[in-house]
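# Chain and residue survey
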Amino acid sequence: MSDSSVSDTVREAILAFQAEPGGLMPALWAVQNVLGYIPEEEVPTIAKAMNQSVAEVHGVISFYHDFKSRPPAAHTVKICRAEACQAMGGRRLQAFAEQQLGVEFDQASSSAVALESVYCLGLCACAPAAMVDGKLVAKLDEDRLATILAGLHGKGANNG
Ligand code: FES
């Protein structure tokens, strides 16, 4: 999508909320729903349209964890960091995942694979557990995780 096309998309997404009191939150959600994130370079446009300061809009985006300032990764690996999984080798698995992907948990990154924390997936009896692109994985170990990550790279992800 070209820069002007992104700008047009943002303007269109927020149009319905400009006259609404308290319209900033729904306007930001509208942008994220359309683009998958809220482009940094569009914040001044959003601020002007919503009659807010750039700092105020930045403040809202950074306060709410669900707002993304970067395009979403092509793949998401969520690894359970709760107790039962920790007790079954979860910490070692977490370190392995960070090392393999070259990203830290829950950090914005340009990697094609996002690494996210989750606290219990309901698979405690089959720990450690993870969710890869929405699919549950039980009894995960480093070998299986390496195979899964290699498969993601085969689907268009690359590490860096
Ligand atoms: S603690 Fe990990 S799935 Fe429940």
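This is a predicted model, so every value here is computed, not measured. (Residues numbered from 1 in each chain as written. Predicted model: local features only at pLDDT ≥ 70, side-chain atom pairs only at ≥ 80, totals over all residues. Heavy atoms only, no water.)

Looking now at the overall build of the protein chain. Looking only at helices and strands, the protein chain features six helices and four strands. Total accessible area on the protein chain is roughly 9000 Å²; 52% of this is exposed by carbon and sulfur atoms. (Helix = DSSP H or I, 4+ residues; strand = E, 2+ residues; numbered from the N terminus. Areas by Shrake-Rupley, 256 points an atom, 1.4 Å probe, with all protein chains shown as cover.)

Centre distance and the angle of the planes are the two values used to describe a pair of aromatic rings. Counted according to the given criterion, the structure contains three aromatic pairs. Residues F63 and Y64 carry aromatic rings whose centres are separated by 4.9 Å and whose planes lie at 85 degrees to one another, so their mutual orientation is edge-to-face. When the ring of Y64 is compared with that of F67, the centres are 6.1 Å apart and the planes differ by 85 degrees; the resulting orientation is edge-to-face. Classification of F67 by relative accessible area gives buried; the value is 6%. Over the aromatic face of F105 sits the side chain of R81, whose NZ or CZ is 4.1 Å from the ring centroid. (Phe/Tyr/Trp six-rings, centres within 6.5 Å; stacked < 30°, edge-to-face > 60°. Buried < 20%, exposed > 50% of the residue type's maximum accessible area, 1.4 Å probe, protein only. Lys NZ or Arg CZ within 6 Å of the ring centre and 35° of its normal.)

We now examine helix α4 (residues 54-63). Buried within α4 are the following residues: V57, V60 and I61. Along α4, the residues classed as buried sweep out an arc of 95 degrees about the axis, all on the same side. Of the residues in α4, the exposed ones pointing more than 90 degrees away from the buried face are A55, S62 and F63. Tucked inside the fold, the buried residues of α4 contact α2 (24-35) and α3 (43-49). (Arc of directions from axis to C-beta. Contact = heavy atoms within 4.5 Å.)

A word on the domain arrangement of the protein chain. Each assigned domain of the protein chain is listed here: domain 1 (3-63) and domain 2 (75-154). A separation of 32 Å is found between the C-alpha centroids of domain 1 and domain 2. (Domains from an automatic or database assignment.)

Now for the pattern of salt bridges. Under the counting rule described, the total for this entry stands at two salt bridges. Among the ionic pairs, K78 bridges to E116, the shortest N-O distance being 3.9 Å. Note that K78 is positioned in strand β1 (residues 75-80) and E116 in strand β2 (residues 113-118), a separation of 38 residues in sequence. Owing to a relative accessible area of 23%, E116 belongs among the partly exposed residues under this scheme. Where R92 meets E142, a salt bridge forms, and the shortest distance between an N and an O atom there is 3.1 Å. Within this pair, whereas R92 is found in helix α5 (residues 83-101), its partner E142 is found in helix α6 (residues 142-154), the two being separated by 50 residues in sequence. (Salt bridge = Lys/Arg side-chain N within 4 Å of Asp/Glu carboxyl O.)

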